[in-house]
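Structure assessment
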Amino acid sequence: MPKVTSRSFDTVPAAQAMAIKIAPYKVGVFAASAALATIAGLFYGMLFRATPGPDQFGVLQSLFYLAMPVLGGAEALPGALIGGSFLATGQPLVNLFDVRLFLATAVVLLLMLRSGYDGVIGMLHAARKAIAEAVRGEPMRYGSFLPESAIEKAGAAVVHATTEAPPQRDSIVRVRLVRGGAPS
């Protein structure tokens, strides 16, 4: 049986289909992230009683901070916690093996990106799902394909779709499976 992967639903066309204007939300989220960055800089300055200079945050350091959510998992809060703990424990850990931190981070980041999972959290979710499916058995999935049992019963499966007008790009077309000319 072919492996079926789920794809995340693209929310922009869905929001546009419901006549929701997206631009104000994007501007608001950008402003909120700028406010949070300002507050973080304020706390940093209060902690060290100095204004951070450009020499304290170089390009490599910034890339290291951007890699942490990718390693932990950017879609969930525990992923940020795992990425932050990697940031906190990374330097002492690589010092034990006499390796540079940026080299170790780059290798781990490349391995994570090649795996196709959303960080450590994505790997844990996939492992939990695989274990649950192995314990419960293979669940019957419906979606963009016909189950093998339906093909075996009906012989050659044929799907007919009729639309009043040609479907527009990124539109959803619903189909009904028909067995022998009568709706099933």
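Before reading on, note that the structure itself is shown above.
Model, not experiment: these values are computed from the prediction. (Residues numbered from 1 in each chain as written. Predicted model: local features only at pLDDT ≥ 70, side-chain atom pairs only at ≥ 80, totals over all residues. Heavy atoms only, no water.)

**Brief notes about the packing of helix α3 (residues 59-72) against helix α4 (residues 77-96)**
Contact geometry for α3 and α4: axes closest at 7 Å, N-to-C directions at 130 degrees. Considered as vectors, α3 and α4 are oriented oblique to each other. Considering how the two elements wind past one another, α3 and α4 form a crossing that is right-handed. Here F64, Y65, M68, L71 and G72 of α3 come into contact with α4, specifically with G79, I82, G83, F86 and L87. In terms of residue class, the contact of α3 with α4 is built from seven nonpolar, three polar and no charged. (Axes fitted to C-alpha atoms, helices over the stretch in contact; angles between N-to-C directions. Helix = DSSP H or I, 4+ residues; strand = E, 2+ residues; numbered from the N terminus. Parallel < 35°, antiparallel > 145°, perpendicular 65-115°, else oblique. Left-handed = near helix turned anticlockwise from the far one by under 90°. Contact = heavy atoms within 4.5 Å. Nonpolar A, V, L, I, M, F, W, Y, C, P; charged D, E, K, R; others polar.)

**What about the nonpolar core?**
Burial of nonpolar side chains together is a common tendency in soluble globular proteins. Membership of the largest hydrophobic core is limited to eight residues, which are F64, A67, M68, L71, V94, L101, A104 and M112. Elements with a contribution of two residues or more to this core: α3 and α5 (101-115). The greatest single-element share of this core, amounting to four residues, is contributed by α3. Residue contacts for V94: discarding those within four places in its chain leaves V99, L101 and A104. (Core = buried A, V, L, I, M, F, W, Y, C linked by side-chain atoms within 4.5 Å. Buried < 20%, exposed > 50% of the residue type's maximum accessible area, 1.4 Å probe, protein only.)

**As for the side chain of T105**
Along the chain, T105 falls in helix α5. Here T105 falls in the buried class, since its relative accessible area comes to 5%. Discounting chain neighbours no more than four positions away, the residues touching T105 are F64, A67, M68, L71 and F86.

**Examining a nonpolar patch on the surface**
Where nonpolar side chains cluster on the molecular surface, the patch consists of L93, L96, F97, V99, L103, V107 and L111 and spans about 730 Å² of accessible area. Where the nonpolar patch is concerned, the elements lending two or more residues are α4 and α5. For the nonpolar patch, the element with the highest residue contribution is α5, accounting for three residues. In this structure, F97 sits in the loop between α4 and α5. (Patch = residues over 30% accessible without salt bridge, like charges linked within 9 Å, V, L, I, M, F, W, Y side chains within 5 Å. Areas by Shrake-Rupley, 256 points an atom, 1.4 Å probe, with all protein chains shown as cover. Salt bridge = Lys/Arg side-chain N within 4 Å of Asp/Glu carboxyl O.)

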